[in-house]
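Residue strings, one per chain:
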Amino acid sequence: MSDRQAWAGQPYLDELRPGRLETVRLALFATYSVDLSAVAATLLALIGRNNDKGSGTAVDFAQAIDTLRDRVRIIIQRGRIARPAALPLIAGILDQFITEQDHDERDRSWHPKIALVAYDCPRGEIRWKLWIGSRNLTRSQDLDVGVLLDGTGKRAKGRVRLAGIGSLGATLARAASRTDADGLAEQLDAIWWQAPEGFLFRSLLNGLDEQIPLPTQPPAGTIDGITVISPFLSPGFLKTADKWGPDGSRTLISSMPALVDMANRSSKPLKGFSKILAYAAPAMLPDESAVTLPGNEAVTEDDAEPSPLALHAKLVCFHLGDRTIFRIGSANATERAWAGRNSEVMVELEAGDAFTSGLVFLAGKATPVSVEDLAATAPPNASEADALEESRKMLMASWQPILRRDGERFSIDAGASPLLAYQAHQLHAGSVNGDLLPWPSGVSQLDLGTIPLSHQSAFIQVQIKGLDGAVRWMQRVVIDPPLDEQRDLAALASHMGLRAFHDWMRAMLSGDTLPVGGGDWDEDTRSPVKRHKGQGYDRLTLEDILTAWARDRKAFGRADRHFAPYVDALLAHGDNLSDAEKADLNELAQIWAIARTRLAS
């Protein structure tokens, strides 16, 4: 049916992939929360190696780390890294791509969802992509929306300047501790941007900086009606919205818990809406159970990840005849989001049928509800969940732990005894891949024991446990002194094993850009099954080396730069290697060295 077609889907990872012969020059992401599997999938996409499962091989993962180091930063709200029950050992090296914003969540959250990517193209051109929407960098299956703009230095029909994009890019660059913020702003201000077909760009609403509110006044013109879409609500925003458009023309689409909460408020914030639609809760991802409180979920204004809700999209739509002007992005329908407390970003667009059919589809999938029925529903009892969340926010606002290192021995130094909102709550902490240890009352430091170089990380894991539940997450901290520069090499060599190493070298020697073997990046290399698979590798030969040299000396040079360091790392940190495999690797290293010497002479 033409009048009930969803908006065109945007496969997020595929949109990030570089085009043919393109490479990523810079990628800045802003998000409220992440899980590390989604971060790995993003890196794999940025080198064009993500597979149809949103994953990739161990070799692709190593290539992504090697290629994108110093080019990619993901800026998130501090304390919002999900800790799945089964975290791959290698995931700890993703710490170098994460930068945390230390907003005190009791007052303010870092809440934008942005992807800003620059690609180096053939002939020296730079191509840009800017995505702004509601999706966090997680594996969530909730309903999200976003807008993807393509940018280039060439002016053409339909392309426009994006007023304010330079300032937004500079803020992201500074948040990522980059030193080129001013230069980046100048580049972005000179770019021409293309909106999706059927849509007209109107303005960028940049609320990243503190106390910069988003505009809530409606656009000029005669408004026939409005549609507000948001999983979280606040009475103040709804009271403002019920003054827009004529009575009987206002639609609200939200989550059932948020609607029940509003319906039970004495101020009756829903009375201005003639049509109210609700979405149900989706199934939870098994790996997210460890970061989700049991029982009913707390409904705060907009800071909690709505894991049990199907709806995560945020839109404010003004209907004017046959066209709609709408604001889309990260801001929920709350005062906290629009009044300048949170860091938020929205874009304002105008469209006709291209937008309306999707909106009708979204509304058609929701369940109509009445204020009377909502008011008759008891709000969920989330007292324990709320209490744990209070303790989490107090802890995040009051401590700046440092990971102290003495060789391979680590401890968490909080500087003072950690503060929680409730005495009944107990704090646990640990290294990212280690055990959670109880934090003794009244002490400021927690000993973590020894951690081998290949498992060291700037991530720590934290848990606050109550009588009826717990909340668990990861945090990025400063390490003093910093980790050894060989950490990545040790971790990747230990993780890849012999089979993946040989596959990787063979792919580089042949100039092969297609994915190669080695198993998935997040396989448990300690498992007996993985160990058995690792024994069946196809060893490099002298003929492989000589053939590669004759065919492409540059490809040989690229492989040669990686060969010796990884062999050394495998021998030093390859805990799974047998004596026979180590002897075989030493023999290959000797063959490689002889070949290099003779070929170079």
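What counts and how
- Throughout, a residue's number is its position along its own chain's written sequence, starting from 1.
- pLDDT decides what is reported in this predicted model: residues at 70 or higher carry local features, side-chain atom pairs at 80 or more are listed and counted, and totals for whole chains, interfaces and linings draw on all residues regardless.
- Side-chain numbers come from the whole structure's heavy atoms, not from hydrogens or water.
- The numbering of helices and of strands both runs from the N terminus, where a helix is a DSSP run of H or I of at least 4 residues and a strand a run of E of at least 2.
- Between the two quantities, the radius of gyration covers C-alpha atoms and the globule rule is 2.2 Å times the number of residues to the power 0.38.
- Burial classes: relative accessible area under 20% of the type maximum marks a residue as buried, over 50% as exposed, and values in between as partly exposed (1.4 Å probe, protein chains only).
- Any two residues having at least one pair of non-hydrogen atoms within 4.5 Å are treated as being in contact.
- In this description, accessible areas are obtained by the Shrake-Rupley approach with a 1.4 Å probe, and a residue is regarded as covered only by the protein chains that are shown.
- When a carboxyl oxygen of Asp or Glu is within 4 Å of a side-chain nitrogen of Lys or Arg, the pair counts as a salt bridge.
- Expected span of a helix: the number of residues minus one, times 1.5 Å.
- Bend at a residue means the angle formed by two fitted axes: the first through the 7 residues ending at that position, the second through the 7 residues beginning there.
- Pairing between two strands requires that DSSP report at least two bridges joining them.
- Looking down the strands as they point away from you, a crossover is right-handed if its path from the first strand over the helix to the second goes clockwise.
- Helix axes use the C-alpha atoms of the stretch in contact, all axes being lines fitted to C-alpha atoms, and the angles between their N-to-C directions lie in the range 0 to 180 degrees.
- Definition of nonpolar core: a set of buried residues of the types Ala, Val, Leu, Ile, Met, Phe, Trp, Tyr and Cys, connected through side-chain atoms within 4.5 Å.
- Confidence scores here are pLDDT values: one per residue, from the predictor, ranging 0 to 100.
- Here the angle decides the label: under 35 degrees means roughly parallel, over 145 means roughly antiparallel, 65 to 115 means roughly perpendicular, and every other value means oblique.
- A clockwise turn of the near helix away from the far one marks a right-handed crossing, whereas an anticlockwise turn of less than a right angle marks a left-handed crossing.
- When residues are grouped by polarity, Ala, Val, Leu, Ile, Met, Phe, Trp, Tyr, Cys and Pro land in nonpolar, Asp, Glu, Lys and Arg in charged, and all others, Gly among them, in polar.
- A pair of aromatic rings is counted whenever rings of Phe, Tyr or Trp (Trp by its six-membered ring) have centres within 6.5 Å, and the orientation is called stacked for planes under 30 degrees apart, edge-to-face for over 60 and tilted otherwise.
- Our definition puts a charge over a ring when NZ of Lys or CZ of Arg is within 6 Å of the ring centre and also within 35 degrees of the ring normal.

Asks: Help me understand the overall build of the protein chain, please; the structure alone is not making it clear to me.
Replies: Secondary structure assignment for the protein chain yields 16 helices and 24 strands. Here the C-alpha atoms of the protein chain give a radius of gyration of 26 Å, agreeing with the 25 Å that 2.2 N^0.38 yields for 601 residues. Seen through its principal axes, the protein chain has C-alpha atoms that stretch 85 × 65 × 45 Å. Buried positions account for 54% of the 601 residues belonging to the protein chain. Pairs at least 24 residues apart make up 77% of the contacts formed inside the protein chain by residues separated by at least 6 positions. Carbon and sulfur atoms provide 50% of the accessible area of the protein chain, an area that totals close to 25600 Å².

Asks: Whenever I open this one, the pattern of salt bridges confuses me. Can you help?
Replies: Pairing of side chains with opposite charge becomes possible as their charged atoms draw close. Across all of its chains, the model carries 28 salt bridges by this definition. A salt bridge links K154 to E125; its shortest N-O distance comes to 3.1 Å. You can see K154 sitting in the loop between β6 (146–152) and β7 (159–160) and its partner E125 sitting in the loop between β4 (114–120) and β5 (126–133), a full 29 residues away along the chain. You can call E125 partly exposed: its relative accessible area is 38%. When the shortest N-O distance is used, the salt bridge between E389 and R392 registers 3.3 Å. Of this pair, E389 and R392 both sit in helix α11 (residues 383–398), three residues apart, roughly one helical turn. Taking the relative accessible area as the measure of exposure, R392 reaches 6% and is therefore buried. A cluster of three or more residues bridged by salt bridges with shared partners is formed by D66, R69, D95, R487 and D488.

Asks: Is there a simple way to think about helix α15 (residues 553–573) in this case?
Replies: Since the α-helix turns once every 3.6 residues, residues separated by three or four places project in the same direction. The end-to-end C-alpha separation of α15 is 30 Å, in line with the 30 Å expected for 21 residues at 1.5 Å each. If you look at α15, its biggest bend is around 30 degrees, right at F563, and the proline P565 turns up within four residues after that. Of all the positions in α15, only A555, F556, G557, A559, D560, H562, F563, Y566, V567, A569 and L570 are classed as buried.

Asks: Before we go on, may I ask you to explain unusual backbone geometry in this structure?
Replies: It is generally the case that most residues other than glycine have a negative phi and that most peptide bonds are trans. Backbone torsion omega between D480 and P481 reads -5 degrees, so that peptide bond is classified as cis. Note that P481 resides in the loop between β24 (478–480) and α12 (487–510). Even without being glycine, S177 reaches a positive phi, approximately 65 degrees.

Asks: Help me understand the pairing of strand β12 (residues 275–279) in this model?
Replies: Regular strands have side chains that alternate between both faces of the sheet. Most of β12 sits inside the fold, with four of its five residues counted as buried. Bridge analysis of strand β11 (residues 250–255) against β12 gives five bridges, and the strand direction is parallel. If you follow T251 over to β12, its bridge partner there is K275. At this point the chain moves from β11, through helix α7 (residues 256–263), to the parallel β12, and the crossover so formed is right-handed. With three bridges joining them, β12 and strand β16 (residues 367–369) adopt antiparallel strand pairing.

Asks: Would you explain the sheet that holds strand β13 (residues 315–320) in this entry?
Replies: By definition, the strands of a sheet pair up through backbone hydrogen bonds, in either a parallel or an antiparallel sense. Strand order across the open sheet formed by eight strands is β9-β15-β14-β13-β10-β11-β12-β16, with mixed pairing between neighbours. The sheet is open, and its two edges are formed by β9 (199–207) and β16, each paired on a single side. The mean angle between the axes of side-by-side strands here comes to 20 degrees, regardless of whether they run parallel or antiparallel. As paired elements, strand β10 (residues 225–229) and β13 share five bridges and run antiparallel to each other. Looking across to β13, one finds that I229 is bridged to L315.

Asks: What is the right way to read helix α9 (residues 353–364) from this model?
Replies: Its twelve residues place the ends of α9 16 Å apart at the C-alpha level, agreeing with the 16 Å of an ideal helix rising 1.5 Å per residue. Looking at α9, one finds that the buried residues are F355, S357, G358, L359 and L362.

Asks: Is there a simple way to explain the pairing of β11 in this structure?
Replies: In terms of burial, β11 is a largely internal element, six of the six residues being buried. In this sheet, β11 lies alongside β10 in parallel orientation, the contact comprising four bridges. Paired with T227 across the two strands is T251, which belongs to β11. Regarding topology, helix α6 (residues 235–241) serves as the crossover connection from β10 to the parallel β11, and that connection is right-handed.

Asks: Help me understand the nonpolar core in this model?
Replies: One finds F29 and L94 to be the most contacted residues of the largest nonpolar core, which totals 73 residues. The leading source of residues in this core is α12, at twelve residues. Those residues within four positions of L94 in sequence are excluded, and the remaining contacts are L36, V39, A40, L43, F61, I65 and F459. Within the second largest apolar cluster, 51 residues are counted, among which are A175, L277, F326 and L362.

Asks: Even after reading the chapter, I still don't get the confidence of the model for the protein chain, so can you show me in this structure?
Replies: Do not read the predicted coordinates in detail wherever pLDDT is low. Residues at a pLDDT of 70 or more form 91% of the protein chain, whose mean pLDDT is 88. Per-residue pLDDT stays below 50 along residues 282–300; that stretch engages in 42 contacts with residues further than four places along the chain or on separate chains.

Asks: Would you explain the packing of helix α4 (residues 165–175) against helix α5 (residues 181–189) in this entry?
Replies: When two helices pack together, their arrangement is captured by the angle between the axes and the distance separating the axes. Where α4 meets α5, the axes come as close as 8 Å, and the angle between the chain directions of the two elements is 150 degrees. On the basis of their axis angle, the class for α4 and α5 is roughly antiparallel. Seen along the crossing, α4 lies across α5 with a hand that is right-handed. On the side of α4, the interface is formed by I165, G166, G169, A170, A173 and R174, while α5 contributes A181, D182, L184, A185, L188 and D189. A breakdown of the residues in the contact of α4 with α5 according to their chemical character gives seven nonpolar, two polar and three charged.

Asks: Could you clarify how one ought to interpret the packing of aromatic side chains in this entry?
Replies: Aromatic rings considered in pairs are described by the distance between their centres and by the relative angle of their planes. Per the stated rule, a full pass over the model turns up 14 aromatic pairs. Taking the centre distance of 5.7 Å and the plane angle of 40 degrees together, the rings of F237 and W338 count as tilted. Linking F237 in helix α6 with W338 in helix α8 (residues 335–338), this pair joins segments that are 101 residues apart in sequence. You'll find F237 and W338 in the same group, each marked buried. Each member of the aromatic cluster is reached from another via a ring pair, and the members are F501, W549, F556, F563 and W592. Between the NZ or CZ atom of R127 and the centre of the ring of Y119, over which it lies, the distance is 4.8 Å. Lying over the aromatic face of W473, R392 brings its terminal NZ or CZ to 4.7 Å of the ring centre.

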